[in-house]
Amino acid sequence: ETDRKGLRGCIPENFPYFNVEFNLTGGYVHIIDDESSFNPNFGRDVLIGLMDLPPERAHQKNRQDSAHAQQRAKAEFVKIWERFDWTKQLD
């Protein structure tokens, strides 16, 4: 139904939700009924399923990288992403 109304037209105002866009024509939206019991790893679980990774990956602890390692990884990603960055066309 989001293809006709758009995401905002399908979700009540101020209602919490989780959304993943697969491409310009589709995605996945999950309404959060009770924020206090919402699984904080829900997004991680969705990505693990989308990438066809083994389910046991969901139970691994997050890896804690140093701030320097995170900055380096970000810079590498930005460099790789640059040719796909459609937001540059908005300027």
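Residues numbered from 1 in each chain as written. Predicted model: local features only at pLDDT ≥ 70, side-chain atom pairs only at ≥ 80, totals over all residues. Heavy atoms only, no water.

K.L.:
I'd like to hear about the overall build of the chain, residue by residue, with values.
P.N.:
Tallying secondary structure elements over the chain gives three helices and two strands in all. In sequence order, the secondary structure elements of the chain are arranged as α-β-β-α-α. Over its C-alpha atoms the chain spans a radius of gyration of 17 Å, topping by over 25% the 12 Å that the globule rule assigns to 91 residues. Summarising its shape, the C-alpha atoms of the chain cover approximately 40 × 40 × 25 Å along the three principal directions. Relative to its full complement of 91 residues, the chain shows a buried share of 12%. Relative to all contacts within the chain whose residues are 6 or more apart in sequence, the contacts with residues 24 or more apart total 12%. Here the chain displays about 8,400 Å² of accessible surface, and carbon together with sulfur accounts for 52% of that area. Averaged over its 12 positive side-chain charges, the chain has a centre that lies 8 Å from the centre of its 15 negative ones. (Helix = DSSP H or I, 4+ residues; strand = E, 2+ residues; numbered from the N terminus. Rg over C-alpha atoms; globule rule 2.2 N^0.38 Å. Buried < 20%, exposed > 50% of the residue type's maximum accessible area, 1.4 Å probe, protein only. Contact = heavy atoms within 4.5 Å. Areas by Shrake-Rupley, 256 points an atom, 1.4 Å probe, with all protein chains shown as cover. Lys, Arg positive; Asp, Glu negative; His and termini not counted. Charge placed at Lys NZ, Arg CZ, Asp CG, Glu CD.)

K.L.:
Tell me about helix H2 (residues 42–50), residues and numbers included.
P.N.:
Those residues of H2 that sit buried are Phe 42, Gly 43, Val 46 and Ile 48. Tucked inside the fold, the buried residues of H2 contact strand S1 (17–23) and strand S2 (26–31).

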